[in-house]
Each structure stands twice: as C-alpha cells, then as structure tokens.
2 protein chains.
Amino acid sequence: MSVNLPVTSQLAVVPGLACGAAEANIRYRDRLDVAVFTCAPGSVAGGVFTQNSYRAAPVLVAERHCGDVRGLVVNSGNANAATGDEGLADAIHMCELLAQHLDSDPHDVLPFSTGVIGERLPMDRMAKGIEDAVTAASEEGWLDTAHAIMTTDTAPKGVSLSFDVQGSTIAATGIVKGSGMIRPDMATMLAFLGTDAGFTVEVASQLAFDLAERSFNRLTIDGDTSTNDAFVVIGTNQSELPLIEKVHSNAYRQLLFRLTPLVEELAMRTVRDGEGATKFVTVRVNGGRTERECLDVAYTVAHSPLIKTAIFAGDPNWGRFCMAIGRAGIRDLDPNRVDLFLDDVCIARHGKIAPTYVEAAAAKVMASDEFTVDIRLGRGNATERVWTSDLSYDYVKINAEYRT
Amino acid sequence: MSVNLPVTSQLAVVPGLACGAAEANIRYRDRLDVAVFTCAPGSVAGGVFTQNSYRAAPVLVAERHCGDVRGLVVNSGNANAATGDEGLADAIHMCELLAQHLDSDPHDVLPFSTGVIGERLPMDRMAKGIEDAVTAASEEGWLDTAHAIMTTDTAPKGVSLSFDVQGSTIAATGIVKGSGMIRPDMATMLAFLGTDAGFTVEVASQLAFDLAERSFNRLTIDGDTSTNDAFVVIGTNQSELPLIEKVHSNAYRQLLFRLTPLVEELAMRTVRDGEGATKFVTVRVNGGRTERECLDVAYTVAHSPLIKTAIFAGDPNWGRFCMAIGRAGIRDLDPNRVDLFLDDVCIARHGKIAPTYVEAAAAKVMASDEFTVDIRLGRGNATERVWTSDLSYDYVKINAEYRT
C-alpha cells in the first residue's frame, strides 16, 4: 500500500560515484541486502544522524568517519543496534572489509545497517556480500542499491536532478528507504545523496543539515525516531564547479536551493510509502510567532492518533484539530484568533465554526487521497509545514504482525 | 470491549451530597444525559481542569465557580466547546437553571458538558432535564449519575471508600467517565469525587491537584488531552472531622493518603475501559535523576504507536522499547546502564539483550491481559509509573467510524 508513489525506474549517473548490491542472505534469501558505494579520490561526505540515545553501532562509526570518503557500505535485514561492544567491532570491521577492496583507509568508509535490533551481524556472509557488491558496482548501480537498502518499503525510492550552479552543470541522485519514521526492528530511514559538486567537510555537514531541515526533518509517519536514522551527502568534486569552501557562499546557497526539491521529493515519497498509508497530508501552519511554535502545532496535529484515524476515515471531525492545536503547548494561544482550512474550505474562523461552513465541502476534501490542513494562528509571521500519513487498520496490522 | 473492568453496582452515600439524572434528549433518545449534584450548605469544591488552549465554555465557568458550592450540573452528548460567546452564555445559564431550583447563587453552581464539539446546547431540553434530575436526586443517586455522564464508555465507573481520619469516619464516592484520554467529539474525561470531610477552598484545590497527580495525570490512552477534561472534589463537611484549613496539616495528609487508592482505582478503570483496549499495561520507570525524566520515559513508551501495536499483538519486540526510551529526550542517557523487564522477565541488561533472555518467557508475559513494563535507567533514585492500553484494530475502528 502506498499513496501515489511515483515509480523509480531510472536514476542518473553521478560522476565519481559507483554503487552496486549483492545478495548476502543477511536475514532473507533471494534479495539484494548488501550495497556499497565507491567514491573517487577527493570525495567528501557529511551527514545527519539519529538523536536517539540508543544509537546503533554503525551510526556511531559513520558519524565519526564523515569527512574524506572513499566508500560506504550498507546492509538491510539487521540493524546492528543494541549489540554492545561486539556490534561496534562489527561495524568497524564492515569498514575494514570494504577498505581492503578499495585499498583505502578504513576511516574513509562509512557503515550503515537497517533491520532487526539486538542481533549480531553475520560477518562471514557480510564479507562475501561486500566482495560481490564491489564487483557489481558501477555508475549505473543506483537502482540496485535502492533495492538493497529496502526493508518493508513497498518499492525503491530515488530521484535524480541535473542543474546549473554558477554556469557549471551539476548531477545529483538521491535514494531513501524507510516507511515508518522509525522501524526499530526493520530499522529506520536511511537516505544517501550523491552529487558531483565538491565541497569541504564542514560544508558537507552543513549541507546535510540544511537539506534535512527542509525535508526529512519535516515528515512524520508515527512520531517515532529510530536508532539507525541517517542521511548522508556525498560530493565527488568531479564537476567543473570550483570546490565550495564556505558555508554561506553564493555557490553554497545555490547548491542548497537546487538540491532542496530533490530531498523534498525523497521525503514526500517516504511518507507516500508510509506504513499502512492511504492518505498523504500536508499540515501547514502559519501566523505563528516563531517557526518553532508553528512546528509544535504541526507535529501535534500530525501525531494525534485521533486526527490520523479521522483522516483515514475521511471524516472532517474538526473538533479534533482544535483539540490538537490547543494541546500543542503554545503559550498564550488565543483560540479566538485561530482559523482552520482543509484545502480552500474554511472550517473554523476565530475559534468557532465558520458561518459559511458546509460539512459536505470538507468531507469532499478529506475523501481525496491528498490534501492540506491549513492552520492560521493569527499571532505572527512564521510559517512551517510537515508531511504525514493517516492511521489505518493496515498500520496496526503491519506493526502488530510484523515479526510473527 | 474493556480489560477486566470491575462492575460498578453499588455506590455508597456521601452525607450532604445528593445526585440524580434525567433523560433530556440532548443528543440521543432513551438515555440518561443530564445529571445534577446538590450539596449541603458548607460544601466546598475544588478542581483541576484541562490545560488545552481550546477550553470549553463549561470548563471556563466551572473553574471560576470553584469554592463554596451548592450544586453541579452535567450533561453528556454535547461538549459546548468551540461555541464562542453564545456557548459561554449557555454554560452560565445552566448554572442559573439549577440555582433557581436550589434557591442559591448561580456562582455556587459548576457546569460540565461532554459530547460533540461545535454545536450549541439545546437549552430548552436542558431546562427540563435539570428540573427532572433535581426531582430524581437523592443520596442514593450515584449510579444513575455515573450512567448519565457516560459517552462511549462501555459501563459506568465508580468507587466508594470509607475510612478513618483522626478518629472520624469519612465517606467518599467517586465516579468517572472517559474512554479515550480525549474525546473531542464525545469529549473527554470527567471525574467527580464527593466526601463528607470538610475543607477550605484552598485545601479543595490542592487536594484535587494532589489526587490528580497520583491518578488521572498518570494515565494515557492515546496521548490526546481534551477541551473539557475536569476532575472536581467536593467536601460537604458533614463528618465529625474538623474542617481542614491547612494544606500541609496532618489531617490533610491523611485524607490525601486515604483518598489516593480511590482515585487510582478510578483512573485504572478509565484505562481498562479505554477505546479498543485489549491490554492493561503499567509502565514503571525507576532509577531516573528526577521524577520528570521518569515520566518523560514512561509517557514516550506509553504513547509510542509501535509499542502499542506490539502490545496488542503480544509481541515482545523489545527493540521498540529501546527506541522509545532513547527518544524520550533524556540528556546524557547512557543506554549501557539501562535494564528492561516485562514483569519479572529480564529482557535487556546494560543496554543489550540479557544473557538469560528467552523470548518464550517474554511472549508469555505479553500474552496476558495485564502486565508491567519495568524500565530501570540506572542514574538516580526517582520513580514514576503510568497506566496505558494498547493500540488495536478497534481503536482505529472506534475513532475512524465514530461519527459515521
């Protein structure tokens, strides 16, 4: 089940970046489950990683290894989380295995894992998988790689873009996996973005942060955040664009601006492929005093089980929106200044039902599979928006029956 | 559907307090839906009310009218919320209607409403309902009153206790309605506790707060909080116990101590009657530095849709508990010091799977309809616990199909 998820059939080459995948039987047979990226000398990687206190071993290692990068290794089926010192040693060993093939320093390799928690990685099968994935790797390997990182995703998700920055053509391809915000057993969201632009380590980190703030940090499926979440940006510096050395330079801002639609699209596709999703909903909040308070309202609405079930039912039960706005913890919020719209249907104005409101109009909006909840707080100029899905029988089914 | 919900068949008299109910057709026919309490002169009421910014009109009025009290009037079927100034006038008019019958000041009457949001109260039917309920009122009227305040509760919920404080026998009876933490359409939790102990207004407020902190503020069904939540304590001062005038007196502490099991039982019954509940779960967190951080962990666990669905499935998917503990926002939490138990089965110790762990033992605990999730943070001496239920197909069904 997914909501208008575009098919990913072709992904464009990013000069300087090869990738490929192999079947290593990490947990299941007959599926791609180990992937590698190999990066041209001069490549740099920066990332953002889960804030969960239980950070998985590969997250700890990948974060430390950001910077100059020659390779990335990813497996699905086993998250290598809650595995103690042994798990940490396994994550480091994954780097060493790929580094041997690349004749590089293991510190220039980043490891990622996604899958069940609390089990040791099968390192013998991992070694064979990495070897096979290196053999398979090519600049055309993105689609296989997008397949290999999937867990319960219903389809691979990737986007390519080509654009100009200061007269140079830049290629960018990104892939993402994840269909709950968190999957601690088939853990998590992983996203990889490659571009042939070049930048310093500091710029890479800032770029990953700024892009995530516009995309992956603005979606929620169930409000849970995993032990393994990671989003990594890799720049190979193979384009004609001069190396970007400063975070606030014009080139940086242009690259950020151009890459934003790509990560927004990846983030939206993650929600479209959300667990049990039957609706794709944008929650837009404006008129807040700060972006923080807009986000607080948007997330409270997007996380409310009562709203999510009403969205599933297509029921314009607007009292539930009032309830959620009211419990978002906004100081001195005056309900008498709040307006609520579903798409362009005004439901409540100044805190009570709009004189023009006709339930049939709101029901029509909510019966569609995509719509916007538009909340106007009437106390400032800040704006935010998040994407979310509904809470369906299938969400319960997927999560109640997942391991059985 | 409910989880081991005891039948409420008899509720004890509280000297000085009469109550009764009537069928007023507020929203549905052939059911009790208006109730009144009448209180002997010298009675005092204090309460705690929802913190939601969208507070319903009756909440605003009831809070203002706390203090000397001669009557309470409650209706189900219509929450009188998001109804603007007109709704406020209706809530005040409810007080006036009961005050006429009691020959009292309307400021000594507290109004409560629970039901659909955004609709005006039918004040003509309300007037007749109040008249009939006054006629019906008697010291034996608690069970009818418990029926009248129900919305989608599966059964009335009430508890009586009798105990000694400083040599005087005290009677106490409490009733509660609510089967989601919030029902913004059939809104909310309402609880009323009457006792023949006597106390000042200040003591009444503190008593309501202290009791709620031990009971209603420690439960969650879906994490939503409504526009109409209220818990009111009424003391009639008809017992032989001298009036309690100081919050930190021995008599206050003894009364609080004796009433606590009553409100705990009401709160637990609310969870047992939770929407779609098939399990009753206690989440106990100890070893925190502060009670606040224990509560943050407990609520994060109790609100996690992934944990709630695993509980529904009886699946000891312990990675989900780690995930939730890790995202509770506890600064410097060291996962390597955290232990996790289900009842007495140790699942994880020092942040990874316990050497003695056998999944069958945990599965057996989770297959039962009541158990305790016991989380030991290993960083301090604070302890907290909350009660919660699971997330079942029926929760989705009830909330998706409620209005249709």
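Things to note about the packing of aromatic side chains
In the structure shown here, the tally under the stated rule is 10 aromatic pairs over all chains. Both rings, one in Phe 37 of chain B and one in Trp 142 of chain B, keep their centres 5.4 Å apart while their planes meet at 65 degrees; by these two values the pair is edge-to-face. With Phe 37 of chain B in strand β2 (residues 34–39) and Trp 142 of chain B in helix α4 (residues 142–148), this residue pair connects regions lying 105 residues apart in the sequence. Residue classification places Phe 37 of chain B among the buried residues on the basis of a relative accessible area of 0%. With 4.9 Å between their ring centres and 85 degrees between their planes, Phe 112 of chain B and Phe 192 of chain B make a pair best called edge-to-face. Of this pair, Phe 112 of chain B sits in strand β6 (residues 109–116) while Phe 192 of chain B is found in strand β9 (residues 190–195), placing the two residues 80 residues apart along the sequence. The pair Phe 112 of chain B / Phe 192 of chain B is uniform in exposure class, with both members buried. Among the aromatic residues, those joined into a ring-pair cluster are Phe 37, Phe 112, Trp 142 and Phe 192 of chain A. Positioned over the ring face of Phe 280 of chain A is Arg 272 of chain A, at 4.2 Å from the centre of the ring.

What to know about the sheet that holds strand β12 (residues 280–288) of chain B
All names here are of chain B. The strand order across the open sheet formed by 7 strands is β10-β17-β12-β16-β13-β14-β15, and the pairing between neighbours is mixed. This sheet does not close on itself; its edge strands, each paired only once, are β10 (219–220) and β15 (352–353). Of the pairings in the sheet, the one linking β12 to strand β16 (residues 370–376) comprises 7 bridges and is parallel in character. Opposite Phe 280, over in β16, you have Glu 370 as the bridge partner.

Focus: helix α1 (residues 57–65) of chain A
Residue and element names in this part refer to chain A. Those residues of α1 that fall on the buried side of the exposure criterion are Ala 57, Pro 58, Val 59, Val 61, Ala 62 and His 65. Contacts from the buried residues of α1 go to β3 (44–49), β4 (67–68), α2 (84–102) and β6 (109–116). Where α1 ends, the next residue or the one after it, Gly 67, has phi of about 135 degrees, a positive value.

Regarding the interface of chain B and chain A
Counting residues at the interface gives 57 residues for chain B and 57 residues for chain A. Together, the buried faces of chain B and chain A total about 4,500 Å²; carbon and sulfur atoms form 57% of this surface. Viewed at the interface, chain A and chain B are joined by 2 salt bridges. Counting across the interface, chain B meets chain A through 6 residue pairs in polar contact (both at pLDDT 80 or more). Considering only residue class, the side of chain B that touches chain A consists of 26 nonpolar, 18 polar and 13 charged.

Quick notes on the pattern of salt bridges
Under the defined criterion, the tally for this structure stands at 32 salt bridges over all chains. Residue Arg 218 of chain A pairs with Glu 384 of chain A through a salt bridge whose shortest N-O separation is 2.9 Å. Here Arg 218 of chain A, found in the loop between α5 (201–213) and β10 (219–220), pairs with Glu 384 of chain A, found in strand β17 (residues 382–389); they are 166 residues apart in sequence, far enough to count as distant. Among the residues examined, Glu 384 of chain A registers a relative accessible area of 11% and is labelled buried. Among the salt bridges present, the one from Arg 27 of chain B reaches Glu 119 of chain B, with a minimum N-O distance of 3.7 Å. Of the two residues, Arg 27 of chain B sits in the loop between β1 (17–22) and β2 while Glu 119 of chain B sits in the loop between β6 and α3 (123–136), which places them 92 residues apart along the sequence. The class of Arg 27 of chain B is partly exposed, set by a relative accessible area of 38%. The partly exposed category is assigned to Glu 119 of chain B, whose relative accessible area is 39%.

Considering the environment of Val 3 of chain B
All names here are of chain B. Considering the arrangement of structural elements, one finds Val 3 in the segment before β1. Taking the C-alpha atoms as reference, Val 3 lies 20 Å from Pro 316; in sequence the two are 313 residues apart. Apart from the residues lying within four places of it in its own chain, the contact partners of Val 3 are Arg 272, Ala 277, Thr 278, Lys 279, Phe 280 and Asp 369.

Considerations on the relation of the copies chain B and chain A
For the pair chain B and chain A, the best superposition has an RMSD of 0.1 Å and corresponds to a rotation of 180 degrees with a translation of 0.1 Å parallel to the axis. Here the copies are linked by what is in effect a two-fold axis. Relative to the rotation axis, the C-alpha of Tyr 393 of chain B is the closest in chain B, positioned 2.9 Å from it. Looking at the interface residues of chain B, 100% of them are also at the interface in chain A, so both copies use one shared face.

So, the pairing of β2 of chain B
Residue and element names in this part refer to chain B. The buried fraction of β2 is high, at 6 of 6 residues. The pairing of β1 with β2 spans 6 bridges and is antiparallel. Across the sheet, the residue bridging to Leu 17 is Cys 39, located in β2. Examined bridge by bridge, β2 and strand β5 (residues 71–78) share 5 bridges and lie antiparallel to one another. Paired with Val 36 across the two strands is Val 73, which belongs to β5.

About the thresholds
- Residues numbered from 1 in each chain as written.
- Chains lettered and ligands numbered in written order.
- Predicted model: local features only at pLDDT ≥ 70, side-chain atom pairs only at ≥ 80, totals over all residues.
- Heavy atoms only, no water.
- Phe/Tyr/Trp six-rings, centres within 6.5 Å; stacked < 30°, edge-to-face > 60°.
- Helix = DSSP H or I, 4+ residues; strand = E, 2+ residues; numbered from the N terminus.
- Buried < 20%, exposed > 50% of the residue type's maximum accessible area, 1.4 Å probe, protein only.
- Lys NZ or Arg CZ within 6 Å of the ring centre and 35° of its normal.
- Pairing = 2+ DSSP bridges.
- Contact = heavy atoms within 4.5 Å.
- Buried area = accessible area lost by both parts, 1.4 Å probe.
- Salt bridge = Lys/Arg side-chain N within 4 Å of Asp/Glu carboxyl O.
- Polar contact = N/O pair within 3.5 Å; in protein donor to acceptor, adjacent residues only side chain to side chain.
- Nonpolar A, V, L, I, M, F, W, Y, C, P; charged D, E, K, R; others polar.
- Least-squares fit on C-alpha atoms with pLDDT ≥ 70 in both.

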